[in-house]
Amino acid sequence: MNVNAESTLGFGHFIAQSDAVGKTLLVVLVAMSVLSWIIIVIKGLTLAVRRKRSSAFLDFFWNATSLDAVAHEIATHGAHDPFSHLTSHAMQAQTHHARYGAAKLEEAGSASDFVTRTIKKVLDEETTRLENGLAVLATVGATAPFVGLFGTVWGVYHALVAIGMSGAGTLDKVAGPVGEALIMTGLGLAVAIPAVVGYNWLTRSNRVVLSRLDAFAYEVHTFVAMGQPLAAADAPPANVRALAPRPAA
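Notes on the structure follow. Only a predicted model underlies this, so the values are computations on that prediction, with no experimental measurement involved.

So, how was this worked out
Residues numbered from 1 in each chain as written. Predicted model: local features only at pLDDT ≥ 70, side-chain atom pairs only at ≥ 80, totals over all residues. Heavy atoms only, no water. Helix = DSSP H or I, 4+ residues; strand = E, 2+ residues; numbered from the N terminus. Buried < 20%, exposed > 50% of the residue type's maximum accessible area, 1.4 Å probe, protein only. Salt bridge = Lys/Arg side-chain N within 4 Å of Asp/Glu carboxyl O. Core = buried A, V, L, I, M, F, W, Y, C linked by side-chain atoms within 4.5 Å. Patch = residues over 30% accessible without salt bridge, like charges linked within 9 Å, V, L, I, M, F, W, Y side chains within 5 Å. Areas by Shrake-Rupley, 256 points an atom, 1.4 Å probe, with all protein chains shown as cover. Phe/Tyr/Trp six-rings, centres within 6.5 Å; stacked < 30°, edge-to-face > 60°. Axes fitted to C-alpha atoms, helices over the stretch in contact; angles between N-to-C directions. Parallel < 35°, antiparallel > 145°, perpendicular 65-115°, else oblique. Left-handed = near helix turned anticlockwise from the far one by under 90°. Contact = heavy atoms within 4.5 Å.

1. Some points on the environment of Glu125
Then comes step 1: Along the chain, Glu125 falls in helix α6 (residues 111–131).
Then comes step 2: Relative accessible area serves as the criterion here: at 31%, Glu125 is assigned to the partly exposed category.
Then comes step 3: Residues Glu125 and Leu86, 39 residues apart in the sequence, show an inter-C-alpha distance of 9.9 Å.

2. A word on the pattern of salt bridges
Then comes step 1: Going through the model one piece at a time under the given rule, you end up with one salt bridge.
Then comes step 2: Note that Glu126 is salt-bridged to Arg129, the shortest N-O span being 2.9 Å. Taken as a pair, Glu126 and Arg129 lie in helix α6 at a separation of three residues, close to a single helical turn.
Then comes step 3: The exposure class of Arg129 is partly exposed, given its relative accessible area of 36%.

3. A few points about the nonpolar core
Then comes step 1: Membership of the largest hydrophobic core comes to 23 residues, with the highest contact counts inside it found for Phe57, Phe61, Val70, Leu86, Ile119, Phe216 and Val220.
Then comes step 2: In terms of residues, this core owes the most to one element, helix α9 (residues 183–225), which gives six residues.
Then comes step 3: Counting 15 residues, the second largest nonpolar core, distinct from the first, contains Leu29, Met32, Ala195 and Leu202.

4. A closer look at a nonpolar patch on the surface
Then comes step 1: Where nonpolar side chains cluster on the molecular surface, the patch consists of Val30, Val34, Ile38 and Ile42 and spans about 340 Å² of accessible area.
Then comes step 2: Note that Val30 resides in helix α3 (residues 20–63).
Then comes step 3: Taking relative accessible area as the criterion, Val30 reaches 45% and is therefore assigned partly exposed.

5. Observations concerning the packing of aromatic side chains
Then comes step 1: A full pass over the atoms with the stated rule returns eight aromatic pairs.
Then comes step 2: When the centroid spacing of 5.0 Å and the interplanar angle of 70° are considered together, the rings of Phe61 and Phe216 count as edge-to-face. Residue Phe61 is located in helix α3, and its partner Phe216 is located in helix α9; the two are separated by 155 residues in the primary sequence. Like Phe61, the residue Phe216 is buried in the burial classification.

6. What to know about the packing of α3 against helix α4 (residues 67–77)
Then comes step 1: The geometry of α3 relative to α4 is characterised by a closest axis approach of 9 Å and an angle of 150° between their N-to-C directions. One finds that α3 runs roughly antiparallel with respect to α4. As for the relative orientation of α3 and α4, their crossing is right-handed in sense. Between α3, through Phe57, Phe60 and Phe61, and α4, the contact on the second element is made entirely by Ala69, Val70, Glu73 and Ile74.

Here it is, written out as structure tokens:
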């Protein structure tokens, strides 16, 4: 193949020679890639911000002298992380049950039961919020390679048909169009790999957050529903972040 022929081949030539199906598949892959990166960047930044806010709230919580101080802190600065969100709802549930009792079916049972149900509801909400968008990454990671492969098969088919109609079946005439068609497989992998890596990273990070939040929920239930005082002496050491449940007496 001479230099002039080589200069006419490439990705641009492949797109120019593609039909509506090939161009549609390319648009789909580009859309998948853009959507994946948007989700990865947004959720990554959100995760970093939540982690910073959660750390600040937990430092305050474990050094607070009473639940009233915690409630005042939340009322002043708001609940912008999973831990303060859970604490706020637990305290509100306790206050509501103490003031109105079991006025409705959802409030039936003791104050401890009502707080427990409220905490479980918040845990479900936080789980849903953290996992939002991950299904898209999983879908892109699983389907993008096959979309690219389909584009390759479609391109190879039309390239071979065109070569057959021209009657020039030599290797130099076949290798160029077929090589161009393989670009779609490469694009499919380029879209799928970041989506899979981002999905695994976010899933792991969410699992860590939810594990800590579940352990913290036990502590909050103990303080709020059972009326145990929250003193600085009860706080774990500053370097302990696991927030493991306390052993039973």
